[in-house]
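# Structural overview for review
Each chain is listed here by its residues.
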Amino acid sequence: MNSAQPFFDFTSVWSSMPILLKGFAIAMACATVAIIIAILLGLIVALMRLSRVKILRWIAFIYTQFFRGIPLYVLIIWVYFGLAIAAGVNLPAIPAGIITLALLNSGYLSETFRSGILAVNKGQIEAGMALGLSRRNVMLHIVLPQAFRVIIPPLGNQYVDAIKDTAILSIIGVPELMRESKALANLYYRPFEFYTFAGLLYLFAVLVVSRGVSVLEKKLSAHSAQTTVIIDVLN
Amino acid sequence: MNSYKFDWAVIDKYLPELLKGLWITLEVSLVGMAIALIFGLLLAMGRLSPLRLTRSVANGITQVFRSIPLFVMLFWVYYGLSLKFHVLFTEFQAGALALGITGGAYMAEVFRGGLLAVDPGQREAAMAMGISKSTTFFHVIFPQALRVVVPPSVNVYVGLLKGATIVSVIGVSDMIYVAQYVSLQTFTPFELYSVAGIVFVALTVSISGFAWMLERRLGRGRSE
């Protein structure tokens, strides 16, 4: 160690800012695309779990248990180094990472959706049916919009988890924040500074998303409270 | 198709090494959990402190450590802290410490919820009987909070167990490390990682199931 150097020296972090911010943007993009795919997959699996067909329920149950139980790191090396090699597929790192993140999150989200759907008052479904709507329309136009309101907070948490999980994508070579931080920390021999800064960026992302979710939640709950008042008045 | 040759016999051959690796994963996660319990309880007590400064410091620490990915924490501890402060952590210690810090932030939330769930009348009753503050905490509040705290703690542990799989990246010779090492020699990554995956799913699903059972049991006792 050169004792003439300052104890904390963030100049190399500062000069590497464009690379780090690009890595951060890639991480956020991966998390966002993954969560969108996970919402679609999770919804399908949730509907399967609530299906009248027993075999569909079972498949969905096993799917959920599996992806909720497997550690991301194990899943990602299995997909990227195991499955891809065994199947002879040349899977680029970014799609592989996004698919893995999406599968993992869809397991959690299907449970969220399921409980959200179950939380919708049964009377709503019965009323829809009584009005002669088909099961599909009741689900699409009555149950899901109401369930969506309930699941906003857990959905936000899942997004936060996905953002944090992108750090593991560095293992397979996705050029995201952690991958760049590792390379730069080795280059400048300043691991403390680079990892501290990476941590702060993740913290920033998490705080912004959490704040956004709680604002959205307040807006929607204010709306739903209003609706309730109107219904009460009508009654 | 390519020329990948499946060879499941490799699992049988390296089973002792894989199990030894699994044991190390369990050890790291358990030591990490022990640190998380102590750290989390301290943070929770800080967050419920009557002193405003203590409260905001504890709240801040919880928020920060919950928001930083475990993977970043691991590198921060193992490479960052050790180089900066000249503490030489072994890979195992760094792994357990990173798990303990992250897990502690999650446990702070769990303990806080548990402590708040205890009826305030219990504390008032203890005060009225002239019991000291620390005795009240350890003999009246804490045992009652424990009932609320145990099931979510098991879930935090499941999270740490899953997180513990990444310690192989700093060179802890856990199950994944063994699988990687063996597959380099035998070229059977699919078989080895599949087995590792199945083992972890079996472990986490059964522990989560146990937590679910506990929750129902303890919940039943509570309502009586």
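Before reading on, note that the structure itself is shown above.
The following paragraphs examine the structure supplied in this document. Sequence order sets the numbering: in each chain, residues are counted from 1 along the sequence as written. Chain A is the first chain written and ligand 1 is the first ligand written, with later ones labelled in order. In keeping with the model being predicted, local features are shown solely for residues with a pLDDT of at least 70 and side-chain atom pairs are shown and tallied solely at 80 or more, while totals for entire chains, interfaces and linings include all residues. Neither water nor hydrogens contribute to the side-chain values; these are computed over all heavy atoms in the structure.

## Describing the overall build of chain A
- A helix here means a DSSP run of H or I that spans at least four residues, while a strand means a run of E at least two residues long, and both kinds are numbered starting from the N terminus. Looking only at helices and strands, chain A features nine helices and zero strands.
- The order of α-helices and β-strands along chain A, N terminus first, is α-α-α-α-α-α-α-α-α.
- C-alpha atoms define the radius of gyration in this analysis, and the globule rule sets the expected value at 2.2 Å times the number of residues to the power 0.38. Taken over C-alpha atoms, the radius of gyration comes to 22 Å for chain A, far larger than the 18 Å a tight globule of 235 residues would show.
- For chain A, the C-alpha atoms occupy an extent of roughly 80 × 50 × 25 Å along the three principal directions.
- Out of the 235 residues in chain A, the part that is buried amounts to 45%.
- A total of about 12,100 Å² of accessible surface is found on chain A, and carbon and sulfur atoms cover 68% of it.
- Here Asp and Glu are counted as negative and Lys and Arg as positive; His is not counted, and neither are the chain ends. Each charge is placed at NZ for Lys, CZ for Arg, CG for Asp and CD for Glu. Chain A carries 18 positive and 10 negative side-chain charges, and their two centres are separated by 11 Å. Throughout this description, buried means an accessible area under 20% of the type-specific maximum (1.4 Å probe, protein chains only), exposed means over 50%, and partly exposed covers the range between. Here the Shrake-Rupley method, with its probe set to 1.4 Å, supplies the accessible areas, and only the displayed protein chains count as covering residues.

## Description of the nonpolar core
- In these notes, a set of buried Ala, Val, Leu, Ile, Met, Phe, Trp, Tyr and Cys residues joined through side-chain atoms within 4.5 Å is what counts as a nonpolar core. Tyr73, Ile168, Met178 and Tyr202 of chain A together with Phe71, Met73 and Val77 of chain B are the most contacted members of the largest nonpolar core, which has 126 residues in total.
- Any two residues whose heavy atoms approach within 4.5 Å are treated as being in contact. Not counting residues within four places of it along the chain, the set of residues in contact with Tyr73 of chain A comprises Ile168 and Ile171 of chain A together with Thr165, Ile166, Ser168, Val169, Ile176 and Gln180 of chain B.
- Membership of the second largest hydrophobic core comes to seven residues, among which are Val138, Ile142, Leu144 and Ala147 of chain A.

## Things to note about the side chain of Ser82 of chain B
Residue and element names in this part refer to chain B.
- Relative to the elements of secondary structure, Ser82 occurs in helix α3 (residues 70–85).
- You can call Ser82 buried: its relative accessible area is 14%.
- Polar contact is the term for a pair of N or O atoms within 3.5 Å; when the atoms are in protein, one must be able to donate a hydrogen and the other to accept it, and sequence-neighboring residues count only if both atoms are side-chain atoms. Among the polar contacts made by the side chain of Ser82, one reaches the main-chain carbonyl oxygen of Tyr78 at a distance of 2.4 Å.
- Look past the residues within four positions of Ser82 in its chain and what remains in contact with it is Val77, Val87 and Phe89.

## Re helix α8 (residues 177–188) of chain A
Residues and elements named next belong to chain A.
- A helix is expected to span 1.5 Å multiplied by its residue count minus one. With 12 residues, α8 should cover 16 Å at 1.5 Å per step; its first-to-last C-alpha distance of 16 Å lies within 8% of that length.
- Regarding α8, the residues found buried are Leu177, Met178, Ser181, Lys182, Leu184 and Ala185.
- Between a side-chain oxygen at the N-terminus of α8 and the backbone nitrogen of Met178 the separation is 3.0 Å; the capping residue is Glu176.
- Note on α8: the residue one or two positions beyond its end, Tyr189, has a positive phi of about 55°.

## Considering the pattern of salt bridges
- We define a salt bridge as a side-chain nitrogen of Lys or Arg found within 4 Å of a carboxyl oxygen belonging to Asp or Glu. On inspection of all chains with the given rule, the structure shows seven salt bridges over all chains.
- In this structure, Arg49 of chain A engages Glu111 of chain A in a salt bridge whose closest nitrogen and oxygen atoms are separated by 2.7 Å. Pair noted here: Arg49 of chain A is in helix α2 (residues 17–49) and Glu111 of chain A is in helix α5 (residues 93–119), with a separation of 62 residues, a long-range link. Here Arg49 of chain A matches Glu111 of chain A in class, with each residue buried.
- The residue Glu111 of chain A makes a salt bridge to Arg114 of chain A at a minimum N-O spacing of 3.6 Å. Of this pair, Glu111 of chain A and Arg114 of chain A both sit in helix α5, three residues apart, roughly one helical turn.
- Among the charged side chains, a network of salt bridges with common partners joins Asp9, Arg190 and Glu193 of chain A together with Lys84 of chain B.

## So, the packing of helix α1 (residues 9–47) of chain B against helix α2 (residues 52–67) of chain B
All names here are of chain B.
- Taken N-terminus to C-terminus, the directions of α1 and α2 make an angle of 135°; their axes are 7 Å apart at the nearest point. The orientation of α1 with respect to α2, classified from their angle, is oblique. For the element pair α1 and α2, the recorded crossing hand is left-handed. Contacts from Phe39, Leu43, Gly46 and Arg47 of α1 reach α2 at Thr54, Arg55, Ala58, Asn59, Ile61, Thr62 and Phe65.
- Under this grouping Gly is polar, as are all residues other than the nonpolar Ala, Val, Leu, Ile, Met, Phe, Trp, Tyr, Cys and Pro and the charged Asp, Glu, Lys and Arg. Of the residues that constitute the contact of α1 with α2, the class distribution is five nonpolar, four polar and two charged. Axis angles are defined between N-to-C directions and span 0 to 180 degrees, where every axis is a line fitted to C-alpha atoms and, for a helix, only to the segment in contact. Relative orientations are named as follows: roughly parallel for angles under 35 degrees, roughly antiparallel for angles over 145 degrees, roughly perpendicular for angles from 65 to 115 degrees, and oblique for any other angle. Take the far helix as your reference; a near helix turned counterclockwise from it by less than a right angle gives a left-handed crossing, and one turned clockwise gives a right-handed crossing.

Note that all results are geometric; they support no functional claim without further evidence.
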